Amino acid sequence: MKSPNLCPLVLEKQPGQGFPRYSAPNTSKLLTNDLLLLALPTDGEADDLIRKLSVYAKGKLGRLDYRIVASKPFLSSNNSDAEEEPEENIAKFNDRMKGGIYSTYLKWEFWDAEANRIPFSNGTYLGEKKILSIGIGGEYQNDALSTTKNDTEVFHNMVLWSVDAFLDLPIDTAKKTAVTAYLGYFNYDFGPNYIRNTATNNTTLTLDNSQASFNGPGNAFPSVGSGNSIYMQMGYLFPSMGRTKYYGKLQPYAAVQYSDFDRLDEPMTYYDLGVNWFLKNHLSKFSLSLQNRPIYNSTDQGLEVDSRKWSAVLQYIIRIE
């Protein structure tokens, strides 16, 4: 049994929100093209890409891997997109919250243990480990959001929790083929009708509001909000290419997010189909991702899907160790 690792006060990318697995992702070792936005529920509101002043403890007790985090949230007014005034029946983050953000994540490891010297979780081990883990986590902040009722401001606690499972299973140890899979359930309560449209590397900063959809500019879509979500991803690592010369390895993957947000009249479903081409494992790789997102607009019935749009993203990652 290993003794727990205790960490002092830090101002850095600490072990995520405490929950779930991909709230602290190892960004250069993901299965998919980029971060899971659903697992970063307060990004840009109470933290800067999970950076905030925190005290945390992490460690292992046998097969139990744990982390406990207490953080001081950023003021939501620091966000350039912050809307200062609360609205009727639509929750927004405010600068008058009481206390800090408290979160935890507990993970049971059934087979090989994952290293936790750093707090970040891998998205795929490329057949080098046999991993099966199940985790549960939660996050709480008192009076984090507010609405108005009869011209009076009403405060709402932020209560978030999730359960997830991660699998990385070698199929052929000689050829180093493997299956990688992740499944998570997320229950988020930010208060009435809270929802946020987010975008990764969005190049569109302005738009004509008269012609804009509810999504906002560029590749934004409703990814976080009060309600229930299920997220799943799966990939398969093929053997090395080339008989006499090494041409790398291919790992196709698929991911889907299904969210039943309170604010939307139709569930949100997001798809991501892609392939990783590893030239030197995670040290050098290309990734091609085809992403399909719903476009919401206001109707007499509420916010409904008007159309769907595709995005294609090609990236190259080089990691120096």
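Note that the structure is a prediction, hence the values are computed from the model and not measured.

Asker: With reference to specific residues and values, describe the pattern of salt bridges.
Answerer: This model, assessed by the stated rule, comprises seven salt bridges. The salt bridge involving aspartate 65 is made with lysine 60; its shortest N-O contact spans 3.0 Å. Lysine 60 matches aspartate 65 in its accessibility class, with the two residues each being buried. Between lysine 107 and glutamate 114 there is a salt bridge, with its nearest N and O atoms 3.1 Å apart. The class of lysine 107 is buried, set by a relative accessible area of 6%. Counted as one network, the salt bridges with shared partners bring together Arg21, Lys60, Asp65, Lys107, Glu109 and Glu114.

Asker: So what's going on with the side chain of asparagine 33? Which residues, and what values?
Answerer: Examined against the element boundaries, asparagine 33 turns out to sit in the loop between β1 (5–13) and β2 (51–61). Not counting the four nearest positions on each side in its chain, asparagine 33 is found in contact with Tyr253, Asp272, Ser287, Ser289, Gln291, Val313 and Gln315.

Asker: Give a description of the nonpolar core that names residues and reports values.
Answerer: Counting residues in each nonpolar core, the largest one holds 25 residues, and the members touching the most others are Leu145, Met158, Tyr188 and Phe190. Every element with two or more residues in this core is listed here: β5 (101–109), β6 (131–149), β7 (152–172) and β8 (177–189). The residues contacting methionine 158, other than those within four sequence positions of it, are Thr42, Phe93, Ile101, Glu139, Tyr140, Gln141, Ala144, Leu145, Asp189 and Phe190. Core analysis: the next-biggest nonpolar cluster, separate from the first, contains nine residues, Ile195, Phe221, Tyr270 and Leu303 among them.

About the cut-offs
Residues numbered from 1 in each chain as written. Predicted model: local features only at pLDDT ≥ 70, side-chain atom pairs only at ≥ 80, totals over all residues. Heavy atoms only, no water. Salt bridge = Lys/Arg side-chain N within 4 Å of Asp/Glu carboxyl O. Buried < 20%, exposed > 50% of the residue type's maximum accessible area, 1.4 Å probe, protein only. Helix = DSSP H or I, 4+ residues; strand = E, 2+ residues; numbered from the N terminus. Contact = heavy atoms within 4.5 Å. Core = buried A, V, L, I, M, F, W, Y, C linked by side-chain atoms within 4.5 Å.

Read these as layout, nothing more, since geometry by itself doesn't imply function.
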